[in-house]
Amino acid sequence: MHVVVIGSGPSGVAAAHALLARGVEVTVVDGGEVLEPHRAAQVDALRAMAPPWTTLQLDGLRGNLSASRRGIAQKRAFGSDFVYRGVDFIRADADIHWSASHATGGLSHVWGAAVLPWAEADLAGWPITRAALFDREASLREIVPMIGAQDDLDAQHPWAVAPDAALPLSRPMRQLLGHWQDNRAHLQHNGWRFGSARLAVDLKTCVRCGLCLHGCPRGSIWTASAVLQRWVREGRVRHLPGLQVQVLRQHDDAIEVQALDRRSGEPVQLTADRVFLAAGTLASAWILARTFGRAHTRLLTSQYFLAPFLPEQAARGALAEAELTLAQAFLQVTPDGSQHAANLQFYGPNDVHEAAIARTWGPLARLLRPVTTRAADRLLSLQGYLHSADSPGIDARLVDGQLQLAAVAHAGSARLVEALCRQLHRDRAALGGRLLRPLLRVGAAGEGAHVGGGWPMAAQPEAGQTDVLGRPPGWPRLHVVDASVLPSVAAATFTWTAMNNAARIAHEAPL
Ligand SMILES: Cc1cc2nc3c(=O)[nH]c(=O)nc-3n(C[C@H](O)[C@H](O)[C@H](O)COP(=O)(O)OP(=O)(O)OC[C@H]3O[C@@H](n4cnc5c(N)ncnc54)[C@H](O)[C@@H]3O)c2cc1C
Ligand code: SF4
C-alpha cells in the first residue's frame, strides 16, 4: 500500500503520522519553499549560543515584520516571506486577506502556536461526534509538545493528555489572570470563561528570548517541517519537495497525481493507492476545482479583530523582561445576539506592540519614544475571533485557471463585534482593564488565517461535499484531510482541530 500525502503543513503531518503508525509507505509532496540559506545559517548560529544575542547577530531576522495601527500585514519568519513565496494560483479582491503557502511545513513557520480543541457546542450539525473527532489527540501529542494549564477552560475544551508544563506568563499577564481569578464568580455569572493560553511550544528548549513573533531560533515553537525533517532523517517517509500538484485523476486501481516541478516547469506524475489532500484550504480548493471542474466554492472564515487592552495595573519595565511573546490567556464569551462563543487571545507587552504604537504617533515617534515605550510597557493586546456562522464568507471561483477570491459580507458580524466591545466595557472592573475601542481594527475576510470549508463533510454527501472520511462522492481513493472538510469554523483556535480531523481520517481510512 503506497499513499501520497499532498502538503507537509500541520494537516499533512498529522495525517502522515497516523498513516506511518499503520505501517503504510508514505510519500509527502509539497511546494518546497524554505528559508533562504543565509538566514538559515544565521538561525543555526543563534541556536548554538545562549542569549542575549547582539543586534548584529539578529540583523535581518526581525527587520521585516510590519506592525502598524492597521495590524500585522503579513507575518514573516526570520524576516523572510518564503512561507508565502510562489503562490501563483490566487487572485483576490482588495478586501480579502489570504494566507496560502508553498513552503515545506506550510504556514506553521509563522503560526502563533495557540491551540484549543473545539468544544462540543462548536460542532453542532457535524456528521461526527466530538469524541470521534478527537480520538487521535493523545497520539498527536507524541509529535506536538504543549504547554498550558488545567483550568476552567477544561470543561469545554478538555485536555486528552495533561500539558507538558505550565505556560510562563509575563508579569502583566500574571497580574491580569490573577485579577480574573479574584473576580471569577462575577465573570462566570456574566458568561465569561478564561484560562491560560495553550501553546504548541517545547519549554525544555525555550530560552525565553522573546523573539516568538519573529521566528523561534531554538525551534521551540512547533513546526510541521521539523517533524517531517526528523522522519526524513530516520528514513520513515519519502519527501518530494518542489512540486505543485495541479490535478488528480482517479482510475479503478489507482489514483494519479499530476504536478509541475516548480523549478523546471516539467510535468511530474505520481501514482498511489490513496491520496490524502492536505494542501491547505485555499490550495486544496484550487486543486479540487480543477479536478472536479467545479467552478465555484464557498469558504468559511472566522471574523478577526485586534485591539489594544489597557490593564488597570501597570507593570513598569515589563517590555524589557524577555518572555514568551505568544498568546498568554484565552477569554471567551458569547456576544449578545449570537449563539456561538467568541474567543479572545491576550498577548503581553512585546516589541511588535511598541512598533504599532510608534506608527500611530507618526513622525513624532522618535521624539516621543520614551512615552510610547512606557505605553507599550503597559499595553496588552487581544486578538478576537467569531464563529463562522457570525463571520463573512469567501467566494472561491476558478477563473482562467486561477482561484478568484471575493468576500461575502455578513450582515451581523460588525454588530456582534460591537456587542462584544460593549460586554468588555460593561465588565471592565472585573476584567481589570479596558479595550481601547478607538484603536479596534476589524479584519478583512480571511484575516487571522482561520479559513476552512469548501468541501464539508456530510453524512450523505452531495456534489461539492465529502463523506466523514473526506471522500468526495465516487472517489474512494481520495481523502481530503485539511480544514476544507470542516463543516463550520469555531472561534477557538483553528489548527489543532483540523490536525485532529486529519489524523482521524488517516487512522480510519480503509487501506
Ligand atoms: C500569521 C499566522 C498565524 C497563525 N496562528 C495560528 C495559531 O496561533 N493557532 C492556530 O490554530 N492557527 C494559526 N494559524 C493558522 C495555521 O497556520 C493554519 O491553520 C495551518 O498552517 C493549516 O495547516 P495545513 O497543513 O492545512 O496547511 P498549510 O500550513 O497551508 O500547509 C500547506 C502545505 O501544502 C503544500 N502545498 C500547497 N499547495 C500545494 C500544491 N498545489 N501542491 C503540492 N503541495 C502544496 C505546502 O507546500 C504546504 O506544505 C496561523 C496562520 C497564520 C498565517
Ligand atoms: S521565547 Fe519564543 S522565540 Fe525564544 S526560545 Fe522561547 S519560544 Fe522560541
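Note that the coordinates shown come from a computational prediction; the quantities given were computed from them, not determined experimentally.

Honestly, the overall build of the chain in this entry has me stumped. Any pointers?
If you tally the helices and strands in the chain, you get 13 helices and 20 strands. Against the 2.2 N^0.38 benchmark of 24 Å for 511 residues, the chain shows a C-alpha radius of gyration of 22 Å, consistent with a compact globule. Principal-axis analysis of the C-alpha atoms places the extent of the chain at approximately 65 × 50 × 45 Å. Burial status across the chain gives 56% buried among its 511 residues. Counting contacts in the chain only where the partners sit at least 6 residues apart, residues at least 24 apart contribute 73% of the total.

Just checking my understanding: could you explain the site of ligand 1 for this structure?
Surrounding ligand 1, one finds 35 residues, the nearest of these being Ser11, Ala103, Gly112, Val245 and Thr495. In this structure, His102 approaches ligand 1 through a main-chain N or O atom, which is 3.4 Å from an oxygen atom. For ligand 1, the accessible surface in isolation is 1000 Å², of which the surrounding protein chains cover 93%. Take the shell around ligand 1: its biggest share by element is three residues, from strand S6 (residues 243-250). Residue composition of the shell around ligand 1, grouped by class: 16 nonpolar, 16 polar and three charged.

So what exactly am I meant to see when it comes to the side chain of Glu447 here?
As for its position among the elements, Glu447 is in the loop between strand S18 (441-442) and strand S19 (451-452). In terms of polar contacts, Glu447 uses its side chain to reach the side chain of Arg441, at 2.5 Å. Those residues in contact with Glu447 that sit more than four places away from it in its chain are His97, Ser302, Tyr304 and Arg441.

Would you mind going over the site of ligand 2 with me for this structure?
Near ligand 2 you find Cys206, Val207, Arg208, Cys209, Gly210, Leu211, Cys212, Cys216, Pro217, Arg218, Ser220 and Ile221, and these make up its full shell. Residue composition of the shell around ligand 2, grouped by class: eight nonpolar, two polar and two charged.

How do you make sense of the pattern of salt bridges when you look at a structure like this?
Pairing between side chains becomes possible if they bear opposite charge and their charged atoms approach one another. For the structure on display, the rule yields 17 salt bridges. Among the ionic pairs, Arg397 bridges to Asp395, the shortest N-O distance being 3.7 Å. Classification of Arg397 by relative accessible area gives partly exposed; the value is 39%. Exposure remark for Asp395: the relative accessible area of 14% places this residue in the buried category. The partner of Asp427 in a salt bridge is Arg426, with the nearest N and O atoms 2.9 Å apart. Judged by relative accessible area, which is 3%, Asp427 ranks as buried. Among the charged side chains, a salt-bridge network with shared partners connects Glu36, Arg39, Asp81 and Arg85.

What am I meant to see in the sheet that holds strand S7 (residues 255-261) here?
Two pairing modes exist for strands in a sheet, parallel and antiparallel, and in both the strands are linked by backbone hydrogen bonds. Read across the open sheet, the three strands follow the order S6-S7-S8; overall the sheet is antiparallel. Sheet topology places S6 and strand S8 (267-272) at the edges, where each strand pairs with a single neighbour. For this sheet, the mean inter-axis angle between neighbouring strands, taken without regard to orientation, is 25°. Bridge count between S6 and S7: seven bridges; the pairing is antiparallel. Residue Gln250 lies in a different strand from S7, and its bridge partner there is Ile255.

Explain helix H8 (residues 281-292) here, please?
For the α-helix, the turn length of 3.6 residues means that residues three or four positions removed from each other point alike. With twelve residues, H8 extends 16 Å between its outermost C-alpha atoms, agreeing within 8% with the 16 Å of an ideal straight helix rising 1.5 Å per residue. Judged by how many residues are buried, H8 sits mostly within the fold: ten of twelve residues are covered. Downstream of H8 by one or two residues, Gly293 has phi in the positive range, about 60°.

Is there a simple way to explain the packing of aromatic side chains in this structure?
Aromatic ring pairs are reported here in terms of the distance separating the ring centres and the angle at which the planes meet. Using the criterion set out here, one finds ten aromatic pairs in the structure. Both rings, one in Phe89 and one in Trp286, keep their centres 4.9 Å apart while their planes meet at 25°; by these two values the pair is stacked. One end of the pair, Phe89, is in the loop between helix H2 (37-47) and strand S3 (90-92); the other, Trp286, is in helix H8, and 197 residues separate them in sequence. The pair Phe89 / Trp286 is uniform in exposure class, with both members buried. Measuring from centroid to centroid gives 4.8 Å for Phe292 and Trp475, while their planes differ by 50°, and the two rings are tilted.

Would you explain the sheet that holds strand S1 (residues 2-6) in this entry?
Reading across from one edge, S5-S2-S1-S9-S20 is the order of the five strands in this open sheet, with parallel pairing throughout. Strands at the two margins of the open sheet, each flanked by one partner only, are strand S5 (238-240) and strand S20 (478-480). The average undirected angle you get between the axes of adjacent strands in this sheet is 20°. Summarising the sheet, S1 and strand S9 (residues 274-277) pair through four bridges and their orientation is parallel. Along S9, the bridge assignment pairs Ile6 with Leu277.

Looking at this structure, how should I read the nonpolar core?
Considering soluble globular proteins, one finds that nonpolar side chains tend to be buried as a cluster. In this structure, Trp180 and Phe346 are the most contacted members of the largest nonpolar core, which totals 137 residues. Among residues more than four places away in sequence, those in contact with Phe346 are Met173, Leu176, Trp180, Phe309, Ala327, Gln328, Ala329, Leu331, Ser381 and Leu382. Val43, Leu58, Leu61 and Phe82 belong to the second-largest nonpolar core, a separate cluster that totals 14 residues.

For this particular structure, what's the right way to read H2?
When we look at burial in H2, the residues that qualify are Arg39, Val43 and Leu46. Seen end-on, H2 carries its buried residues on one side only, within an arc spanning 55°. Exposed and facing more than 90 degrees away from the buried side of H2 are Pro37 and His38.

Help me out: how do you make sense of the packing of helix H1 (residues 10-21) against helix H7 (residues 224-233) in this one?
The angle between the axes and the distance between the axes are what describe a pair of packed helices. The contact between H1 and H7 brings their axes to 9 Å, and the two run at 35°. The two elements H1 and H7 meet at a crossing, and its hand is left-handed. For the pair H1 and H7, contact is made by Pro10, Val13, Ala16, His17 and Leu20 and by Ala224, Val227 and Trp231, respectively. For the contact of H1 with H7, the residue count by class is seven nonpolar, one polar and no charged.

About the thresholds
Residues numbered from 1 in each chain as written. Chains lettered and ligands numbered in written order. Predicted model: local features only at pLDDT ≥ 70, side-chain atom pairs only at ≥ 80, totals over all residues. Heavy atoms only, no water. Helix = DSSP H or I, 4+ residues; strand = E, 2+ residues; numbered from the N terminus. Rg over C-alpha atoms; globule rule 2.2 N^0.38 Å. Buried < 20%, exposed > 50% of the residue type's maximum accessible area, 1.4 Å probe, protein only. Contact = heavy atoms within 4.5 Å. Near = heavy atom within 4 Å. Polar contact = N/O pair within 3.5 Å; in protein donor to acceptor, adjacent residues only side chain to side chain. Areas by Shrake-Rupley, 256 points an atom, 1.4 Å probe, with all protein chains shown as cover. Nonpolar A, V, L, I, M, F, W, Y, C, P; charged D, E, K, R; others polar. Salt bridge = Lys/Arg side-chain N within 4 Å of Asp/Glu carboxyl O. Pairing = 2+ DSSP bridges. Axes fitted to C-alpha atoms, helices over the stretch in contact; angles between N-to-C directions. Expected span 1.5 Å × (residues − 1). Phe/Tyr/Trp six-rings, centres within 6.5 Å; stacked < 30°, edge-to-face > 60°. Core = buried A, V, L, I, M, F, W, Y, C linked by side-chain atoms within 4.5 Å. Arc of directions from axis to C-beta. Left-handed = near helix turned anticlockwise from the far one by under 90°.

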